[in-house]
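# An overview of the molecular structure
Each chain, written out:
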Amino acid sequence: MYGASYIYQQIFNGIVLGSIYALLALGMALVYGILGLINFAHGALITIGAFCFYFLLFKFNLPFVLAIILTISLGGFVGFLSEAIGYRKLRGGPGLSLLITSLGIYIFIENAIKLLISPQPYAFFNPPFLNRIINSFITFRVIDIFIIITTIVIMICFGLFVKRSKIGIAMRGIAESVETAGLVGINVNQVITWSFVVASAIAALTGFMWGAKYGQISYNMGFMPGVIAFVAVVIGGIGSIPGAVLGGFLIGLIQIFTVGFLPLGWSVYRDAIVFTLLIIVLLIKPMGILGRRESM
Amino acid sequence: MLLKIEKIEICYGIIPAVRNLSLEVEEGQIVALVGANGAGKSTTLKALAGVLHPRVGKIFYKDKDITQLSAYRRVPLGIALVPEGRQLFSTLSVKENLRLGAYHSNDKEFKERLKEIYSIFPIIKERENQIAGTLSGGEQQMLSFGRAIISKPKLLLLDEPSLGLAPLIIKEVYKTINTIKMTGITIVLVEQNVKMAMHIANYMYVLEAGELTIQGEPLKLMKDENIKKAYLG
């Protein structure tokens, strides 16, 4: 029915989309593991990252690499601010107040962008080298390869960071017990700040990826990817970072397969199918695919 | 005087757990806080570690007022706690637990400190890459000691180090405490097992219902009829 090349093409597309979801889910799982917070504001960082890159590259004509670095830095800074202003004082209180605050931060950022920049979508033009089309067994653009390779590099670095570095080990220690972490001498506030900075910086980068891939950015572009990243965290097993990454790739593949293999009219249901999957996973395996008891 | 507590009162909510407690710890000594369950021993120790803060009174460490200093800031000053029930990071490896104990050191210092810890506790070295939660009770206690000592403390706070361990292991633990003392570390020991504490301590404070009742050198206290009746059976 479908040729091998078509099937590989769909798998490739699924991996590209899944990479973006996986990067988002990774940051969400990191923050969740440490604070037990489902950080809805995470999606807003996608929007911030996309607009930041857009203005730096097209309005200020900065070189590509510099624009990327500044975008990541701004994302990290916003993560730092949201933790320092929004969450720090609420820690130790009911988890619900953190959750509501994160929704508030999301709504604030979305509306600030709508007000200050534009309620209209912007067309996002890539630097030409990212749009170059490569035709071989499958067809793709350079940006697709850029997304996949960047994702792999970030995941390896992140894995090493959490596994080997002092702060990474401290993150896992805090995820297990904040009190013990404090009494062995860990500056808990500092480590939590770092986790927000890292997660938000990665999310801002995915904003650029999203814009470059789909050619359009808007003030509310971060909402759906943010929610889907959350679904990825739940499907993969809440609290498990590898689970979140797996969940991200899984959802990316499923969405692309919905469009690529199901009859034409079905593609509008691609988000609905993701949520159906969420319900099924929760019914069969409530802890998620890789979820055990709460640990990173 | 390494440590001086002046008339502290510590409360859980509005309920005072420790009242009007003053005590002193001289450098190089082992000072034991003993008493029944709920007498306020662990509460006092938590105030020394900075987990709890007294509502009234002051705590001086090396003549510096540390009453309101948070726990993580006390570790670099040289105060380390071996918590009750060990409280290891059970999902982390032995080495990772030690790394967090030496959080204030950089990687190079940590490597050096690690060697020293391994020479004191060879059993921990064998288990280096094992997940802490899978160690035996005695090994976990050793790791908990190691995690505290790797921060180079001058004052080590031990909260019920024999709790939940087999008698043979308890002997091992007390041998270790002696070894630690020999390295020049001052120790404050909280213990329900008064006999064990008497054997090792230079000075003892007996707490009852949150207040200090008796204090003195163990040899003298041992002759006290009241103590004999109440604690030594």
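Further up the page is the structure itself.
Residue numbering note: each chain is counted from 1, following its sequence as written. Labels are handed out in written order, letters beginning with A for the chains and numbers beginning with 1 for the ligands. The predicted origin of the model limits local features to residues at a pLDDT of at least 70 and limits the giving and counting of side-chain atom pairs to 80 or more, whereas totals for whole chains, interfaces and linings rest on all residues. Excluding hydrogens and water, the side-chain values take into account all heavy atoms of the structure.

### A few points about a nonpolar patch on the surface
For patches, a residue must show more than 30% relative accessible area and have no salt bridge; joins then use 9 Å for like charges and 5 Å for nonpolar side chains, namely Val, Leu, Ile, Met, Phe, Trp and Tyr. Note on areas: these come from Shrake-Rupley sampling with a 1.4 Å probe, and a residue is covered only by the protein chains present in the view. One side-chain nitrogen of Lys or Arg within 4 Å of one carboxyl oxygen of Asp or Glu is enough to make a salt bridge. Taken together, the side chains of M1(A), Y2(A), Y6(A), I7(A), Y8(A), I11(A), I15(A) and F137(A) define a hydrophobic patch exposed on the protein surface, amounting to about 820 Å² of accessible area. Where helices and strands are cited, they refer to DSSP runs of H or I of at least four residues and of E of at least two residues respectively, numbered from the N terminus. In this structure, F137(A) sits in the loop between β2 (133-135) and β3 (139-141).

### So, helix α2 (residues 42-59) of chain A
Residue and element names in this part refer to chain A. Multiplying one less than the number of residues by 1.5 Å gives the expected span of a helix. When the terminal C-alpha atoms of α2 are compared, their 26 Å separation across 18 residues agrees well with the 26 Å that a helix rising 1.5 Å per residue should span. Only protein chains enter the accessibility calculation, which uses a 1.4 Å probe. A residue is then buried if its area is under 20% of the maximum for its type, exposed if over 50%, and partly exposed in between. The element α2 is extensively covered by neighbouring structure, given that 15 of its 18 residues are classed as buried. One or two residues past the end of α2 sits N61, with phi positive at roughly 55°.

### Re the environment of I7(A)
Along the chain, I7(A) falls in helix α1 (residues 4-35). Sequence-wise, I7(A) and T150(A) are 143 residues apart; in three dimensions their C-alpha atoms are separated by 24 Å.

### Focus on the pattern of salt bridges
Residues and elements named next belong to chain A. Tallying each qualifying case throughout the model produces 14 salt bridges over all chains. K213 is the partner of D144 in a salt bridge, and the nearest nitrogen-oxygen pair spans 3.1 Å. With D144 in helix α6 (residues 142-164) and K213 in helix α9 (residues 188-214), the pair connects residues that are 69 residues apart, well separated along the chain. Accessibility assignment for this pair places D144 and K213 in one class, buried.

### Examining the pairing of strand β8 (residues 186-191) of chain B
Residues and elements named next belong to chain B. Across the 6 residues that make up β8, a large majority, 6, are buried. Judged by which residues are buried, β8 turns out to be covered on both faces: T186, V188 and V190 on one side and I187, L189 and E191 on the other are all buried. Two strands qualify as a pair provided that DSSP identifies no fewer than 2 bridges between them. Inspection of the sheet shows strand β3 (residues 30-35) paired to β8 by 5 bridges, in the parallel sense. Within β8, the position partnered with L33 by the bridge is V190. Here strand β7 (residues 155-159) pairs with β8 via 5 bridges, running parallel. Bridge pairing in β8 links L156 to I187. Of the crossover connections in this fold, the one passing from β7 over helix α7 (residues 167-182) to the parallel β8 is right-handed. Note on handedness: a clockwise path from strand one over the helix to strand two, with the strands aimed away from the viewer, defines a right-handed crossover.

### Description of helix α4 (residues 95-116) of chain A
All names here are of chain A. For α4, which comprises 22 residues, the first-to-last C-alpha distance of 32 Å matches the rise-based estimate of 32 Å (1.5 Å per residue) to within 8%. All buried positions along α4 are accounted for by L98, S102, I105, Y106, I109, E110 and I113. Taken down its axis, α4 places every buried residue within 120° of arc, on the same side. Exposed positions of α4 whose direction lies more than 90 degrees from the buried face are L96, I100, F108 and L115. Contacts from the buried residues of α4 go to α1, α2, α3 (64-87) and α10 (223-236). Relevant arc is that of directions from the helix axis to the C-beta atoms, nothing else. In this analysis, two residues are considered to be in contact whenever any of their non-hydrogen atoms come within 4.5 Å of each other.

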